[in-house]
Amino acid sequence: MGSISVSNLGKAYKQYPTRWSRLLEWITPGHKRHHTLRWVLQDVSFSVEPGESVGIVGVNGAGKSTLLKMITGTTQPTTGSVHVNGRVAALLELGMGFHPDFTGRQNVFMAGQLQGLTVDQLTELMPGIERFADIGDYIDQPVRTYSSGMQVRLAFAVATAVRPDILIVDEALAVGDIFFQQKCFERIRSYREQGTTLLFVSHSAGAIYALCDRALLLSGGRLVLNDSPQIVIDHYNALTTTVRPRQEVAQEIAEADEADVDVPLLQPGNDDVQAVWRHPGVRVRSISILHEMEIVNVVTCGDRVTLRVDLAFAHEFDDPHVGFRIHDNRGEPVFMTNSLCMKRTIGAVKPGDRVTADFEFQANIAPGEYTLTVGIANGAVGDRDFREQLARLMHIRAFTVASDPTGIVWGGHTYVHPIFGVHYARSV
Ligand SMILES: Nc1ncnc2c1ncn2[C@@H]1O[C@H](COP(=O)(O)OP(=O)(O)OP(=O)(O)O)[C@@H](O)[C@H]1O
């Protein structure tokens, strides 16, 4: 189950030179054709085996959405054929399948039934759908009052309420906050592990590497490459590498700084922190990122920053350690370490002790949204294990890395500080 086979697929739209020529052709059937055909997809053939994950990349207008729409049956092909074997869940266009005048709850029942689920099944699934979408009372408001982020939350929650044989996702829909994106990627990953076939459009090399076994490159409506993610991304990068104007980058950083004020800072005694820490003997009082002595939520790529974890101990521990992880918007760990791995110790602590642990590092990571996870453990075993885990605060804090407007133009995950040199061997 869960296979796709696409053969000589093509799509052409009729183009008329004027509005009148369309009318003329319509009222004089059988006479002269007034339109020309504009092919947006031609001769596309490939297959996806059950359980495979295939990424689709291509520049804007390459034909990715048109291809997905033909696979899901929302658009009819002009030439060729598509065979899909298995139950498909698709997330393509924003608002697709939702009626704006009905409430979110009513839309869940309508969209769910279109997916082949019964009313009884949907009633049972509803609490899980509400929990996943996490839009609160809006579930009983008309969808026209939703933000685009809320629509995507609900659409994803319904489409993936039951594991499909085939999941088709256009990542351009990945609007919304980083926590929701991570939740979506987590669900996609888990369904994939359970055998769901995945077809996934993305502009992000990281997402394709993380999720796909293979990738397709579309260019000018043709399938130009069907190969490993590595090879396809290399070609795609070659197609898209352009130098971004400095001004645009400066604007981005200014906007990110403005957004700064909206990001809630973790305060001592924050309920969320209490909710996830486990051992009563240690309390995480605050977690902050500091740059030049100030607490920040936006750092510029390359900034030297300090992650400060403020702890209060209520029990005695002989050898406590602190660690952190940085996760990207897909939930992939970007970096992780802890005091033991850094060959450092805090030393034994007594009830009433307060400890501030600082990790100073250079934020040499790609511009984007990240979350921090912090863990506390006790009793080193070897050079990386612990006798007991005391607390883990998953995705406790979000922060943004903005590009450095004064830096070089670069792509990828990690800034490696390249230095360019040139040595001449001149002939005389
Ligand atoms: N209904 C339509 N009528 C005419 N042309 C269309 C129609 N839908 C899409 N096109 C054209 O088909 C081409 C491919 O569009 P498509 O949306 O499939 O590209 P895409 O690769 O998904 O782009 P993006 O990354 O911007 O979403 C574009 O040139 C677009 O203008």
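Computed from a predicted model, the values in this text were never measured in an experiment.

Conventions we followed
Residues numbered from 1 in each chain as written. Predicted model: local features only at pLDDT ≥ 70, side-chain atom pairs only at ≥ 80, totals over all residues. Heavy atoms only, no water. Near = heavy atom within 4 Å. Polar contact = N/O pair within 3.5 Å; in protein donor to acceptor, adjacent residues only side chain to side chain. Areas by Shrake-Rupley, 256 points an atom, 1.4 Å probe, with all protein chains shown as cover. Helix = DSSP H or I, 4+ residues; strand = E, 2+ residues; numbered from the N terminus. Nonpolar A, V, L, I, M, F, W, Y, C, P; charged D, E, K, R; others polar. Buried < 20%, exposed > 50% of the residue type's maximum accessible area, 1.4 Å probe, protein only. Contact = heavy atoms within 4.5 Å. pLDDT = per-residue confidence, 0-100. Core = buried A, V, L, I, M, F, W, Y, C linked by side-chain atoms within 4.5 Å. Patch = residues over 30% accessible without salt bridge, like charges linked within 9 Å, V, L, I, M, F, W, Y side chains within 5 Å. Salt bridge = Lys/Arg side-chain N within 4 Å of Asp/Glu carboxyl O. Phe/Tyr/Trp six-rings, centres within 6.5 Å; stacked < 30°, edge-to-face > 60°. Pairing = 2+ DSSP bridges. Axes fitted to C-alpha atoms, helices over the stretch in contact; angles between N-to-C directions.

Here we look at the site of the ligand
Thinking step 1. Neighbouring the ligand are the residues Tyr13, Arg38, Val40, Val59, Asn60, Gly61, Ala62, Gly63, Lys64, Ser65, Thr66 and His203.
Thinking step 2. Within the backbone of Gly61, an N or O atom sits 2.8 Å from an oxygen atom of the ligand.
Thinking step 3. Within the side chain of Lys64, an N or O atom sits 2.7 Å from an oxygen atom of the ligand.
Thinking step 4. Contact with the protein chains covers 62% of the free accessible surface of the ligand, which is 640 Å².
Thinking step 5. Per element, the largest residue contribution to the shell around the ligand is 3 residues, and it comes from helix α2 (residues 64-72).
Thinking step 6. Taken together, the residues of the shell around the ligand break down into 4 nonpolar, 6 polar and 2 charged.

Thoughts on unusual backbone geometry
Thinking step 1. Despite not being glycine, Asp43 shows a phi value in the positive range, around 55°.
Thinking step 2. The exposed category is assigned to Asp43, whose relative accessible area is 51%.
Thinking step 3. Even without being glycine, Glu292 reaches a positive phi, approximately 50°.
Thinking step 4. Along the polypeptide, Glu292 turns up in the loop between β10 (282-291) and β11 (294-295).
Thinking step 5. For Glu292, a relative accessible area of 66% corresponds to the exposed category.

As for the environment of Thr356
Thinking step 1. In this structure, Thr356 sits in strand β16 (residues 354-362).
Thinking step 2. In this structure, the C-alpha to C-alpha distance between Thr356 and Val284, residues 72 residues apart in sequence, is 9.9 Å.
Thinking step 3. Residue contacts for Thr356: discarding those within four places in its chain leaves Arg308, Val309 and Asp310.

Description of the confidence of the model for the protein
Thinking step 1. Summarising the model, the protein shows a mean pLDDT of 84, and 88% of its residues fall at 70 or more.
Thinking step 2. Taken together, the stretch residues 242-250 has pLDDT below 50 and engages in 12 contacts with residues farther than four places along the chain or on a different chain.
Thinking step 3. Predicted confidence for residues 252-275 stays below pLDDT 50, and this span has 31 contacts to residues more than four positions away or in other chains.

Considering the nonpolar core
Thinking step 1. Residues Leu154 and Phe200 are the most contacted members of the largest nonpolar core, which totals 42 residues.
Thinking step 2. The element contributing the most residues to this core is helix α5 (residues 148-159), with 6 residues.
Thinking step 3. In this view, Phe200 contacts Val54, Gly55, Ile56, Val169, Glu171, Phe185, Ala207, Ile208, Leu211 and Cys212; residues no more than four positions away in its chain are not counted.
Thinking step 4. Counting 35 residues, the second-largest nonpolar core is a separate cluster that includes Ile287, Val299, Ile396 and Val401.

What to know about a nonpolar patch on the surface
Thinking step 1. On the surface, a cluster of nonpolar side chains totalling about 630 Å² of accessible area is made up of Trp20, Leu23, Leu24, Trp26 and Ile27.
Thinking step 2. Within the secondary structure, Trp26 sits in helix α1 (residues 19-27).
Thinking step 3. Using a relative accessible area of 69% as the deciding quantity, one classes Trp26 as exposed.

Notes on the pattern of salt bridges
Thinking step 1. A full pass over the atoms with the stated rule returns 14 salt bridges.
Thinking step 2. Between Arg308 and Asp358 there is a salt bridge whose closest N-O contact spans 2.8 Å. Of the two residues, Arg308 sits in strand β13 (residues 304-313) while Asp358 sits in strand β16, which places them 50 residues apart along the sequence.
Thinking step 3. For Arg308, a relative accessible area of 32% puts it in the partly exposed group.
Thinking step 4. With relative accessibility at 42%, the residue Asp358 sits in the partly exposed group.
Thinking step 5. Each of Arg105, Glu130 and Asp140 takes part in a single network of salt bridges with overlapping partners.

What to know about the packing of aromatic side chains
Here a ring pair, both rings aromatic, is described through the centre-centre distance and the interplanar angle of the planes.
Thinking step 1. Per the counting criterion, the structure on display carries 10 aromatic pairs.
Thinking step 2. Relative to Tyr146, the ring of Tyr138 has its centre 6.0 Å away and its plane inclined at 90°; by these criteria the two rings are edge-to-face.
Thinking step 3. Judged by its relative accessible area of 7%, Tyr146 falls in the buried class.
Thinking step 4. Cluster of aromatic residues (ring-pair linked, three or more members): Phe324, Phe335, Phe359 and Phe361.

Brief notes about the sheet that holds strand β4 (residues 79-85)
Backbone-to-backbone hydrogen bonds pair the strands of a sheet. The strands run either parallel or antiparallel.
Thinking step 1. Across the sheet, 3 strands lie side by side as β2-β1-β4; this open sheet has antiparallel pairing. Only two strands of the sheet have a single partner each, and these edge strands are β2 (36-48) and β4. For this sheet, the mean angle separating the axes of adjacent strands, direction not counted, is 20°.
Thinking step 2. Alignment of strand β1 (residues 3-15) against β2, held across 9 bridges, turns out to be antiparallel. Bridged to Ala12 within β2 is Trp39.
Thinking step 3. Strands in contact with α2 are β1, β2 and β4; relative to β1, the strand with the most contacts, it is inclined by about 120°.

A few points about the environment of Asp43
Thinking step 1. By the secondary structure assignment, Asp43 is in strand β2.
Thinking step 2. Non-local contacts of Asp43, meaning those with residues more than four positions away in its chain, are made with Asn8, Leu9 and Arg222.

Observations regarding helix α3 (residues 104-114)
Thinking step 1. Every buried residue of α3 is accounted for by Gly104, Asn107, Val108, Phe109, Ala111 and Gly112.
Thinking step 2. Structurally, α3 contributes buried residues whose contacts are with α4 (119-133) and α5.
Thinking step 3. Positive backbone phi, approximately 95°, marks Gly116, located one or two places after α3.

Section: the sheet that holds strand β17 (residues 368-381)
Thinking step 1. One open sheet accounts for 5 strands, arranged β12-β18-β17-β14-β15; its pairing is mixed. Two strands in the sheet have a free side with no partner beyond their single neighbour: β12 (298-300) and β15 (333-338). Recorded for the sheet is a direction-independent mean angle of 30° between the axes of neighbouring strands.
Thinking step 2. Relative to strand β18 (residues 385-402), β12 is paired through 3 bridges, and the arrangement is parallel. What sits directly across from Val299, in β18, is Val401.
Thinking step 3. Here helix α6 (residues 178-193) sits on the sheet and contacts β14 (320-327), β17 and β18; the angle it forms with β17, its principal contact strand, is near 70°.

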